[in-house]
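# Structural characterization, general
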Amino acid sequence: MDDRVGTTLHTGLLISTTAVMAWLSGLPLLFPSLGPSAFVLALFQDSDATAPRRVIGGHAIGVAAGLFAYHLLGASVSMTTVADPGTFEGLRLAASSVLATMLTVAGMLFTDTRHPPACATTLIVSLGLLSTLLEGALIVVTVVVLVAAHQLLLATERAGARYEKKFRS
């Protein structure tokens, strides 16, 4: 199969896993940073960039940094409620997002868990979109499910390739 088609299907299957979970549960298990994570997993299947500790660790750091920054600086404000330009509430959210992003980058660099989509996760949390402890935990659980689905897809592909090779010989 063409690598472009395979990568597209792999990405779609990964996102489908969390989309179905979100649909069936009604929980926020589908959020913007999962798309780039699914694409990275599908495109760089066995690289260092897709090591589970990097993907899960990066998002976990992003969640922790986002929760810390939001509750320190932006609590009770959400990106969806700030309407007027130049408000103190808007400044609090902006500061929360800057602090969270810096903490996420530092945390990923110090722990060697670099995963760029985690910077989107930290913004989601620090801007008050998914900013409770439960929502943060759900983000991490969803990323674990995404990584597990990726590992299962890889194992299935490899088993299929071995089976096909065995019977072609």
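See the structure printed just above.
Residues numbered from 1 in each chain as written. Predicted model: local features only at pLDDT ≥ 70, side-chain atom pairs only at ≥ 80, totals over all residues. Heavy atoms only, no water.

Here the focus is the overall build of the protein. Helix and strand content of the protein: 6 helices and 0 strands. Element order for the protein, N to C, with α for helix and β for strand: α-α-α-α-α-α. For the protein, the accessible surface area stands at approximately 9,300 Å², while carbon and sulfur atoms represent 71% of it. Computed over 10 positive and 10 negative side-chain charges, the separation of the two mean positions in the protein equals 12 Å. (Helix = DSSP H or I, 4+ residues; strand = E, 2+ residues; numbered from the N terminus. Areas by Shrake-Rupley, 256 points an atom, 1.4 Å probe, with all protein chains shown as cover. Lys, Arg positive; Asp, Glu negative; His and termini not counted. Charge placed at Lys NZ, Arg CZ, Asp CG, Glu CD.)

A word on the environment of threonine 101. Note that threonine 101 resides in helix H4 (residues 88–111). Relative accessible area serves as the criterion here: at 25%, threonine 101 is assigned to the partly exposed category. Note: C-alpha distance between threonine 101 and glycine 66 (35 residues apart in sequence) is 7.7 Å. Setting aside chain neighbours within four positions, we find threonine 101 in contact with Thr122 and Leu123. A polar contact of 2.8 Å, which involves the side chain of threonine 101, links it to the backbone oxygen of serine 97. (Buried < 20%, exposed > 50% of the residue type's maximum accessible area, 1.4 Å probe, protein only. Contact = heavy atoms within 4.5 Å. Polar contact = N/O pair within 3.5 Å; in protein donor to acceptor, adjacent residues only side chain to side chain.)

We now examine the packing of helix H3 (residues 52–74) against helix H5 (residues 118–126). Interaxial distance between H3 and H5 falls to 8 Å at its minimum, and their mutual angle equals 25°. If you check the angle between H3 and H5, you find them roughly parallel. Every pair of crossing elements has a handedness; the one defined by H3 and H5 is right-handed. Of the residues in H5, those touching H3 at Gly58, His59, Gly62, Val63, Ala65, Gly66, Leu67 and Tyr70 are Ala118, Thr121, Thr122, Val125 and Ser126. Its residues assigned to classes, the contact of H3 with H5 comprises 6 nonpolar, 7 polar and no charged. (Axes fitted to C-alpha atoms, helices over the stretch in contact; angles between N-to-C directions. Parallel < 35°, antiparallel > 145°, perpendicular 65-115°, else oblique. Left-handed = near helix turned anticlockwise from the far one by under 90°. Nonpolar A, V, L, I, M, F, W, Y, C, P; charged D, E, K, R; others polar.)

Moving on to the layout of surface pockets. In this structure, the largest pocket occupies an estimated 240 Å³ of space. Surrounding the largest pocket, 11 residues form its lining, Asp3, Gly6, Thr7, Gln45 and Glu157 being those nearest its centre. Counting residues per element, the ones that place at least two in the lining of the largest pocket are helix H1 (3–25), helix H2 (34–43) and helix H6 (133–168). (1 Å grid on protein atoms, 1.4 Å probe; cavity = no way out; pocket = protein on both sides within 12 Å on 5 of 7 lines; lining within 4 Å. Points joined across faces, edges and corners; volume = space filled by probe spheres on them.)

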